[in-house]
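Coordinates in review
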Amino acid sequence: MTGLEARADMIVCEGVKKWFGDFQALRGIDMTVEEREVVVVLGPSGSGKSTLIRCINRLEVHQEGRIIVDGVELTNDLRNIEKIRSEVGMVFQQFNLFPHLTIMDNITLAPIWVRKKPREEAETLAMELLDRVGIPEQADKYPGQLSGGQQQRVAIARALAMEPRVMLFDEPTSALDPEMIKEVLDVMKELAQTGMTMIVVTHEMGFAREVADRIIFMESGEIVEEGTPEHFFTNPTEDRTKLFLSQIL
Amino acid sequence: MDEKREQMDWVAAVEVAGEKPPEVPPHGPVVWARENLFSSVGSGILTAAGLLVALVFFKAMLGYIFGADRKWDAVATNLRLYFTQAYPDDQYVRVWVAVGIALALTGLSAAIWRASGRVNGYKLGGWSFGVAGGLLTMLVLSPFSWGARLIYLILALVFVGTGQYLRMSHPKIEVPALSVVVGVLAVLVGSLWVVPYGRHTFVNGEVQPPRPGTVAMTTKLPWTVMLLVMVVAYFVGKAVRDKVSPGLSKGLLVAGWMLLVPFDYFVILRDPALDYGQVFRVDVPIFLFFAVVGSALLWWLSDPERGEIGRVVAGLMVIGAGVFWLAAAFGLSVRQIIRIDLLLLSVVAVAAPTFTGEKAVRRRFILGWLILLALVNYMAMMVNTDSTVEVPGSFPLGGFSLTLLVATSVLLMSFPIGLILALGRTSKMPIFRLLSTTYIEVIRGVPLITILIFFKIILNLFLPDGMSLGNEMSAILGYALFSAAYLAENVRGGLQSIRKGQYEAANALGMSTAQTTSFIVLPQALRAVVPPLVGGVIATFKETSLLFIIGLFDFLRIGYVVVGGQTAFVGSQRENLLFVAFIYWIITFSISRSSVQLEKKLGLGER
Amino acid sequence: MVVIKWISQVVVLILVVSGLLFFAAQAGSNLRAKNIETSWRFLSVKPGIQLGEGIDVNPSTGARALWVGMVNTIRVSAVGLILATILGTIIGVARLSKNWIVNKLSTTFIEIIRNVPLLVQILFWAVVIRTWSEVDFNLGPIHNWFMVSQKGIALPRIFPSTGFYQWMVVVLIGAYVGRRVYHQRETEREETGRETHALSTALGIVAVFAAVGLLIHPLFGFLGPIFTAIGDVLDAIPILVVQLLLSAAMVAAAGLWIKRFLDNLRTPAGLAKLTDDDIFRIIFAGFSALMGIVLVFVIWPGLSAWLIHSLRDFFHLLGDKFEWLRTGRPLDGERPRIVQTGRFPNFSTSGLVITKEFAALLFGVVLYTAAFIAEIVRAGILAVPKGQTEAAGALGLSRGLALRKVVLPQAMRVILPPMGNQYLNLVKNTSLAIAVGFADLVQVGQTLYNQTGRTLEVVAIWMGFYLGMSLLISVVVNFFNVRLRIVER
């Protein structure tokens, strides 16, 4: 779309490796995501997609290599981690809304306590965001009273309330019933159009084709192939990619 | 829950990917220590403080246990008193027979249920290292002589060597966990023959100075036989388990376990003096009458064609049996066994329409009735015959055997009561619910000791003339009624966890309420509450120590009062209490550990 | 079918009731045969027993003796409850620690303590205390401050002195003002985002009031006559009025319950059809109220008088504590001392002396309960899904904030009900005091019935007391539980 402009690197991964016990989950990932870019990560389950984006948010700790987010390298330094986390929004497969707080409190918790915003301002913003994700009337309910699709949209609003520069989506539609998937994907599409930098792990091929600037295909903890959706879906070069696509499509 | 499953799937998926990792992340003792002990300044301080606490605690404990002026002789000399109080020497073989039956059942059960998991060499090696670590800690912190330390050092080195060998050379070999346990037991029993533990004796109330050498023959021989019995029973079980249907063998074993305690106590340990003339004149005819009449009645009742009339007849029989019992209070004297048999028959009659159908099933039902009747009559006869075992005091058992008897009888008795209470509390019938709820809440609101005192002192006031219960029996009764309330609450948790769909499905299959409850709901509910039920078993066992307060000669009283009060061992109360605590601990700890295993096997621990 | 259901229930009910009546009749005739009549007279005559410790070691009546026992039970329970909660929470958190040695130590503690009967532990502590040093004139570890001997443990104590109640009024006013200021400041912070130091300001205000109260508390003596007057007014109320009020309250409670019950059954389409079960519940609520009224007027007419007199005595007592311009320190402190009583040195009555029986019982129940509380706390924290912490982290919340705002509120919901059970167990477990001779309710009761032969009555009082305690605890726990409940569909 706007590929010719020189854009800053938002996320840089260099040779990232990660083990769980004796299992190696990431086998040297090199990847760069530019500002305002939408990257979709595809791959069979267990290929390390989720681990990769969880590492970017430091929910998992990588053992080798470097991850640099917006110019700040992820180290054990707590201040760095908190800074990065408040700039990187994350949406989980299981929503992870706080069940003991209302929708409004879920969204305003971090702005008030981390960003130190006045409550009124935080609530105004929260209402705007709820409007944007299409459920302004649910503000005073509790997560348990909402449908899965609604919960996931609240989770997106909650992440956006921190005004992040990057959004990570970890299989946001995998736990949803088919009829609810669309409402979440629509919100994500709209978000992509506003120019948000996004990394999306998903199995929704239609979404990938339509929205992604770039597609990364992973298997067994490695990046097998990457390229534009067109290249990826019509003319993949790697055999493993072809096999994957033939099973899925 | 989903969270966990997600991770599980994920790990499984990685496993499928299955390539050998090209690089192994760095780990070693230094890294381990850095991550687990000194990850930050605070953690380092905690580690130092923790080490200090551990050092002080273990040093004090070991220093106490192995101190020179400890009177462990008090325990060693009084072991028999501890376990069976004053059970007569010439009859002592009965105790071993009783224990042997229990162990044989254990061996059989282990075989039939295929209880043995497998452990690999790597894990065994780890255990070996653990033992070595314990031995080394002991030899460093205990006030041992240098000779003793050398022995401990050699032992520790042997274990380190074994562990190293297993881990390095055979990390993948698998051994049944059961053989490891039996092996350890064999080593322990074998050591009785070899290691000079010393011989502590008590002759005519006089403590003999301990003689060197191995323990007395009356200790080591029976224990060796016991171990053999268990092993042989295991192999017998293994041999027959494929030839008998699992339902039958497991059913028989469960029945065996339920009967174990009353049989061991009333038949073997009490040695009732049967009067055979009486047996053939009275007991056998009564049995035959109920066998013939009862079978005929049940055959008639269990006919599927019978319909509502069967239920009405059965219901009338229950009421009749109840009235018959109450009539006893107003002077209608009939042999107790007739009342029992009548009640039994009416209860079975009520159950008849629930459990029967075609002819073969009815025949099995009648067979079941005959077996039940025979067992009940036999046990009742034995219970009603006086004991010939002569002991000081009125009760043949004391010490640990009394504790065990009370705990097991309480568990056996409280189970059906608790089940009924739980069903009552969750029932849709308001009066049942009200009665059960009141009972449960009142009992759970008061301390056990008040119930025990109530039953000890007041129970006999409430009984009709001529009826009385010994202290032991009234304690068991009171305790069982107490623990039934707790058991009911646990079972209720399980009943409430059953989804509505299960009831609906059972209804859709045309099952009656009684059938739904006994075939669908209860099995699932009980399975779901295995952890709290085991917790209840442990609590019941621990709280038998309260018998001490109402003056029974339980394990604790023997240790604290009897042994602690012997002139030869004045001032040995701490040692005795520690021994009592240790035995309680071993048993409760192993129950709780095996319940964790059981949960894993039943797939309950996962969430 | 419904008919059979009800007939079977009524038959069982009749069997149960007649069984109970039969046993009661039997007990009555047995007692008459032994020439003992059920009677509560022992409560009002001097029992002639000496209690080991308590607010009154030479009680003048049986009731007073039992009251002393109850206070002792409550005393040891309250102290034990606080200590066990603190210790248990620490150990529970330690079990989750990533530090290997802290983790293993707490696990060892729990596995040892949990698997040994409490009674064995209490007896063990009693024996251990017996081996401590004898009382002498330079007893340590810190002489005249903190002394440990086989007679018990002596500590300094702080106690309310003559000016306490007047001063307390000032402090309470301060607390009220502080609370108001706290909420005001909190709102301000939320509205403007500025840090307003709400908590420290509020605490400061309370401290100022407490300090000023030291100077001005004599002025509050005027409250004394007011309290006395309230007491007099209460006393003047005719018993009949009290009985009517109580009855009205019971009718109102039953009515409210029925109304709420029906409201719950109401659906948008109108009232759902009542099942026979529902009708029974409603009838039973009414029946309970009726029974309550019968109790007030017929079964126990003295109840109302007793209630009103207790209230009157309470206000009169309060009135006595206030006196116009009475000066004196609100709080006083004193250190324990060693004195010569008879042939041997002993602790004096000054200071806080924890007797050896109290100490053995307390050590036992605190450690035992703490082990169970630790497991509850651990399970509660583990019950919060990992995703919650991750989500909080992903939003940039620091670990402390995530714990406070996300994990703990959810953990509390899991922890609270079993915690209530443990508190209840602790209270009931203090009845093991009887094994070490601590003068709790059960021990005093036993002494009393040994002396008077009034076993049934004493057992009834025991059960009533413990049932009351468990009711109290479950009401408190329920109150918090409802506040923590999470709304679900």
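Analysis parameters
- Residues numbered from 1 in each chain as written.
- Chains lettered and ligands numbered in written order.
- Predicted model: local features only at pLDDT ≥ 70, side-chain atom pairs only at ≥ 80, totals over all residues.
- Heavy atoms only, no water.
- Helix = DSSP H or I, 4+ residues; strand = E, 2+ residues; numbered from the N terminus.
- Areas by Shrake-Rupley, 256 points an atom, 1.4 Å probe, with all protein chains shown as cover.
- Lys, Arg positive; Asp, Glu negative; His and termini not counted.
- Charge placed at Lys NZ, Arg CZ, Asp CG, Glu CD.
- Pairing = 2+ DSSP bridges.
- Expected span 1.5 Å × (residues − 1).
- Buried < 20%, exposed > 50% of the residue type's maximum accessible area, 1.4 Å probe, protein only.
- Arc of directions from axis to C-beta.
- Contact = heavy atoms within 4.5 Å.
- Phe/Tyr/Trp six-rings, centres within 6.5 Å; stacked < 30°, edge-to-face > 60°.
- Axes fitted to C-alpha atoms, helices over the stretch in contact; angles between N-to-C directions.
- Buried area = accessible area lost by both parts, 1.4 Å probe.
- Salt bridge = Lys/Arg side-chain N within 4 Å of Asp/Glu carboxyl O.
- Polar contact = N/O pair within 3.5 Å; in protein donor to acceptor, adjacent residues only side chain to side chain.
- Nonpolar A, V, L, I, M, F, W, Y, C, P; charged D, E, K, R; others polar.
- Domains from an automatic or database assignment.
- Disulfide = S-S within 2.5 Å.
- Patch = residues over 30% accessible without salt bridge, like charges linked within 9 Å, V, L, I, M, F, W, Y side chains within 5 Å.
- 1 Å grid on protein atoms, 1.4 Å probe; cavity = no way out; pocket = protein on both sides within 12 Å on 5 of 7 lines; lining within 4 Å.
- Points joined across faces, edges and corners; volume = space filled by probe spheres on them.

Within chain C, the secondary structure is distributed over 15 helices and 10 strands. Counting only C-alpha atoms and orienting by the principal axes, one finds that chain C spans roughly 75 × 70 × 55 Å. Total accessible area on chain C stands at roughly 25800 Å², and carbon and sulfur atoms take up 68% of it. Here chain C carries 43 positive and 28 negative side-chain charges, and the mean point of each set is 5 Å from the other.

Take the pairing of strand E3 (residues 152-155) of chain C next. Residue and element names in this part refer to chain C. One ladder, built from 3 bridges, connects strand E2 (residues 146-149) with E3; its direction is antiparallel. Its bridge partner being in E3, Val148 is matched across the sheet by Ile153. Joining the antiparallel neighbours E2 and E3 is a turn of 2 residues. Sheet analysis places E3 next to strand E10 (residues 352-355), joined by 4 bridges and oriented antiparallel. Residue pairing across strands places Ala154 opposite Val353, the latter belonging to E10.

What follows deals with helix H7 (residues 223-236) of chain C. All names here are of chain C. The end-to-end C-alpha distance of H7 is 20 Å, a good match for the 20 Å that 14 residues give at a rise of 1.5 Å each. Where H7 is concerned, the buried positions are Leu223, Gly224, Phe227, Gly231 and Leu234. One side of H7 holds all its buried residues, which, seen down the axis, span an arc of 115 degrees. Structural note: H7 exposes Pro225, Val233 and Ala236 on the side pointing more than 90 degrees away from its buried face. Buried residues belonging to H7 abut helix H5 (164-192) and helix H10 (302-321).

A separate point is unusual backbone geometry. All names here are of chain A. For Arg58, which is not a glycine, the phi torsion comes out positive at approximately 60 degrees. Secondary-structure assignment places Arg58 in the loop between helix H1 (49-56) and strand E4 (64-69). The exposure class assigned to Arg58 is buried, which follows from its relative accessible area of 8%. Even without a glycine there, the phi angle at Glu171 is positive, about 45 degrees. Mapped onto the fold, Glu171 is located in the loop between strand E7 (166-170) and helix H6 (178-193).

This brings us to the environment of Gly398 of chain B. All names here are of chain B. With respect to the helices, strands and loops of the structure, Gly398 is situated in the loop between helix H15 (359-384) and helix H16 (400-426). Residue class for Gly398 comes out buried when judged on its relative accessible area of 0%. Residues Gly398 and Asp283, spaced 115 residues apart in sequence, show a C-alpha to C-alpha distance of 31 Å. If sequence neighbours within four positions are ignored, Gly398 has contacts with Phe83, Thr84, Gln85 and Phe553.

Okay, the packing of aromatic side chains next. Applying the stated criterion across every chain yields a total of 39 aromatic pairs over all chains. Here the aromatic rings of Phe57 of chain B and Phe58 of chain B are separated by 5.2 Å at their centres, their planes lie at 70 degrees, and the arrangement is edge-to-face. Judged by relative accessible area, which is 38%, Phe57 of chain B ranks as partly exposed. With a centroid separation of 5.2 Å and an interplanar angle of 5 degrees, the aromatic rings of Trp257 of chain C and Phe261 of chain C are classed as stacked. Pair noted here: Trp257 of chain C and Phe261 of chain C are both in helix H8 (residues 239-265), with a separation of 4 residues, about one helical turn.

A separate point is the sheet that holds strand E9 (residues 214-219) of chain A. Residues and elements named next belong to chain A. Taken in spatial order, the 6 strands line up as E6-E7-E8-E3-E9-E10 in an open sheet, and their pairing is mixed. Of all strands in the sheet, those bounded by a partner on one side alone are strand E6 (88-91) and strand E10 (222-227). Along the sheet, successive strands turn relative to each other by an average axial angle of 20 degrees, direction set aside. Here E6 runs beside E7; their pairing, made up of 4 bridges, is parallel. Among the inter-strand pairings, Gly89 is bridged to a residue of E7, identified as Met167.

Glancing now at the interface of chain C and chain B. Facing 67 residues of chain C, the contacting portion of chain B comprises 64 residues. Together chain C and chain B conceal approximately 5700 Å² of surface at their shared face, both sides included; 73% is due to carbon and sulfur atoms. Counting across the interface, chain C meets chain B through 1 salt bridge. With a closest N to O distance of 3.6 Å, Glu111 of chain C and Arg593 of chain B form a salt bridge. Scanning the region where chain C abuts chain B turns up 10 residue pairs in polar contact (both at pLDDT 80 or more). Of all the elements, helix H1 (residues 2-33) of chain C adds the most residues to the side of chain C that touches chain B, at 18 residues. Looking at side-chain class alone, the side of chain C that touches chain B contains 43 nonpolar, 13 polar and 11 charged residues.

Bringing the domain arrangement of chain C into the picture now. Many structure descriptions define interface size as the accessible area lost when the parts assemble. Domain annotation of chain C identifies domain 1 (2-36), domain 2 (45-117 + 355-453 + 463-484) and domain 3 (164-331). Relative to domain 2 of chain C, the C-alpha centre of domain 1 of chain C lies at a distance of 38 Å.

Residue and element names in this part refer to chain A. This structure, assessed with the given rule, holds 0 disulfides over all chains. With no disulfide partner, Cys13 has as its closest neighbouring cysteine sulfur the one in Cys55, 8.4 Å distant. By relative accessible area, which is 2% here, Cys13 ends up buried. Residue classification places Cys55 among the buried residues on the basis of a relative accessible area of 0%.

Moving on: a nonpolar patch on the surface. Residues and elements named next belong to chain C. A surface patch of nonpolar side chains, about 1000 Å² in accessible area, is lined by Leu240, Leu244, Phe287, Leu290, Met291, Val294, Leu295, Phe297, Val298, Ile299 and Trp300. Looking at the nonpolar patch, the elements with two or more residues in it are H8 and helix H9 (276-299). Sorting elements by how many residues they give to the nonpolar patch places H9 first, with 8 residues. Counting through the fold element by element, Leu240 comes out in helix H8.

On to the pattern of salt bridges. One pass over the structure, following the stated rule, counts 41 salt bridges over all chains. With a shortest N-O distance of 4.0 Å, Lys242 of chain A and Asp239 of chain A are connected by a salt bridge. Residue Lys242 of chain A and its partner Asp239 of chain A are located together in helix H9 (residues 239-248), separated by 3 residues, close to a single helical turn. Judged by relative accessible area, Asp239 of chain A falls into the exposed class, the value being 59%. Counted as one network, the salt bridges with shared partners bring together Arg593 of chain B together with Arg95, Glu111, Arg114, Glu375 and Arg378 of chain C.

Looking now at the side chain of Thr355 of chain C. Residue and element names in this part refer to chain C. Structurally, the position occupied by Thr355 is in strand E10. Residue Thr355 is classed as buried on the basis of its relative accessible area, which comes to 17%. A distance of 2.5 Å separates a polar atom in the side chain of Thr355 from a polar atom in the side chain of Glu53. Among all residues touching Thr355, those that are not within four sequence positions of it are Glu53, Lys151 and Gly152.

Let's shift gears to the side chain of Ser346 of chain B. Residues and elements named next belong to chain B. As for its placement among the helices and strands, Ser346 is situated in helix H14 (residues 336-355). Its relative accessible area of 0% is what places Ser346 among the buried residues. With near-sequence residues (within four places) excluded, Ser346 lies in contact with Met317, Val318 and Ala321.

Within the structure shown, the criterion is met by 1 cavity of 30 Å³ or more. In this structure, the largest cavity is lined by Met90, Phe92, Arg158 and Ala159 of chain A together with Ala391, Ala394 and Leu395 of chain C. The set of elements that each furnish at least two residues to the lining of the largest cavity consists of helix H5 (148-160) of chain A together with helix H12 (386-394) of chain C. Taken together, the residues that form the lining of the largest cavity break down as 6 nonpolar, no polar and 1 charged.

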